[in-house]
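Here is how the chains run, residue by residue.
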Amino acid sequence: QVQLVESGGGLVQAGGSLRLSCAASARTFGSYAMGWFRQAPGKEREFVARVMWTSGTTYYAEAVKGRFTISRDNAKNTVFLQMNSLKPEDTAVYYCNTVDYSHMPTSDWGPGTQVTVSS
């Protein structure tokens, strides 16, 4: 059973940056990739980005392309999300998860980390 703990959220002004981290408690190499998701108030959780464990290949949602960068540290079972040029619409709780070929989550959700971007 994979346990996921996100950290690094906070309050930042529009145009600022944050770096999120996701630590997995168990070996996740058997999974296809790791992904970041977010859920804004009153909205459904949505896919943000994913990185493949073996190749490091990345994929981004259009809303964050060019502003966010996902990366991973295989040795530490940790995934990062560097968020630059933040916008108020990026405000959400951010979650990480193992994902399959369709970017669907495959593990239980962690607590998430709150990101708030003020205008």
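Preceding this section is the structure that the text describes.
Participant: Can you explain the overall build of the protein chain? Please cite residues and give values.
Facilitator: Per the secondary structure count, the protein chain includes 0 helices and 10 strands. Taking 2.2 N^0.38 as the reference for a compact globule, 119 residues should give roughly 14 Å; the C-alpha atoms of the protein chain span a radius of gyration of 13 Å, in line with that estimate. When its C-alpha atoms are laid out on the principal axes, the protein chain stretches across 40 × 25 × 25 Å. For the protein chain, the residues scored as buried account for 46% of the 119 residues in total. Intrachain contacts of the protein chain at a sequence separation of at least 6 include 53% that bridge at least 24 residues. Once the 11 positive and 9 negative side-chain charges of the protein chain are each reduced to a mean point, those two points are 6 Å apart.

Participant: I'd like a rundown of the state of the cysteines, residues and numbers included.
Facilitator: In this structure the tally under the stated criterion is 1 disulfide. Here C22 connects covalently by a disulfide to C96, the sulfurs 1.9 Å from one another. Classification of the bridge connecting C22 and C96 rests on its S-S torsion, roughly 65 degrees, and on that basis the disulfide is right-handed. Pair noted here: C22 is in strand β3 (residues 18-24) and C96 is in strand β9 (residues 92-99), with a separation of 74 residues, a long-range link. Relative accessible area serves as the criterion here: at 0%, C96 is assigned to the buried category.

Participant: Describe the nonpolar core, listing the residues and the values that go with them.
Facilitator: Note on soluble globular proteins: their nonpolar side chains tend to be buried together. W36, L81, M83 and Y94 are the most contacted members of the largest nonpolar core, which has 33 residues in total. Listing elements by their share of this core, those giving two or more residues are β3, β4 (33-39), β5 (46-52), β7 (68-73), β8 (78-83), β9 and β10 (113-118). Take this core: its biggest share by element is 5 residues, from β5. Each residue touching L81, except ones within four places of it in the same chain, is listed here: L18, R19, L20, W36, V48, A49, F68, T69, I70 and Y94.

Participant: Quick rundown of the pattern of salt bridges? Include the residues and the values.
Facilitator: In total, this model carries 4 salt bridges according to the counting rule given. In this structure, K65 engages E62 in a salt bridge whose closest nitrogen and oxygen atoms are separated by 2.7 Å. The salt bridge involving D90 is made with R67; its shortest N-O contact spans 2.7 Å. Note that D90 is positioned in the loop between β8 and β9 and R67 in the loop between β6 (58-60) and β7, a separation of 23 residues in sequence.

Participant: Account for the sheet that holds β5, naming residues and giving values.
Facilitator: The strand order across the open sheet formed by 6 strands is β2-β10-β9-β4-β5-β6, and the pairing between neighbours is mixed. If you trace the sheet from one side to the other, it starts and ends with β2 (10-13) and β6, each paired once. Recorded for the sheet is a direction-independent mean angle of 25 degrees between the axes of neighbouring strands. In this sheet, β10 lies alongside β2 in parallel orientation, the contact comprising 4 bridges. The residue bridging G10 from the neighbouring strand is V115, located in β10.

Participant: An account of the sheet that holds β8 is needed here, citing residue identities and associated values.
Facilitator: With respect to topology, 4 strands assemble into an open sheet ordered β1-β3-β8-β7, the strand pairing being antiparallel. Strands at the two margins of the open sheet, each flanked by one partner only, are β1 (4-7) and β7. Strand after strand, the sheet turns through a mean of 15 degrees between neighbouring axes, direction not considered. With 6 bridges joining them, β3 and β8 adopt antiparallel strand pairing. Bridge pairing in β8 places R19 opposite Q82.

Rules used throughout
Residues numbered from 1 in each chain as written. Predicted model: local features only at pLDDT ≥ 70, side-chain atom pairs only at ≥ 80, totals over all residues. Heavy atoms only, no water. Helix = DSSP H or I, 4+ residues; strand = E, 2+ residues; numbered from the N terminus. Rg over C-alpha atoms; globule rule 2.2 N^0.38 Å. Buried < 20%, exposed > 50% of the residue type's maximum accessible area, 1.4 Å probe, protein only. Contact = heavy atoms within 4.5 Å. Lys, Arg positive; Asp, Glu negative; His and termini not counted. Charge placed at Lys NZ, Arg CZ, Asp CG, Glu CD. Disulfide = S-S within 2.5 Å. Core = buried A, V, L, I, M, F, W, Y, C linked by side-chain atoms within 4.5 Å. Salt bridge = Lys/Arg side-chain N within 4 Å of Asp/Glu carboxyl O. Pairing = 2+ DSSP bridges. Axes fitted to C-alpha atoms, helices over the stretch in contact; angles between N-to-C directions.

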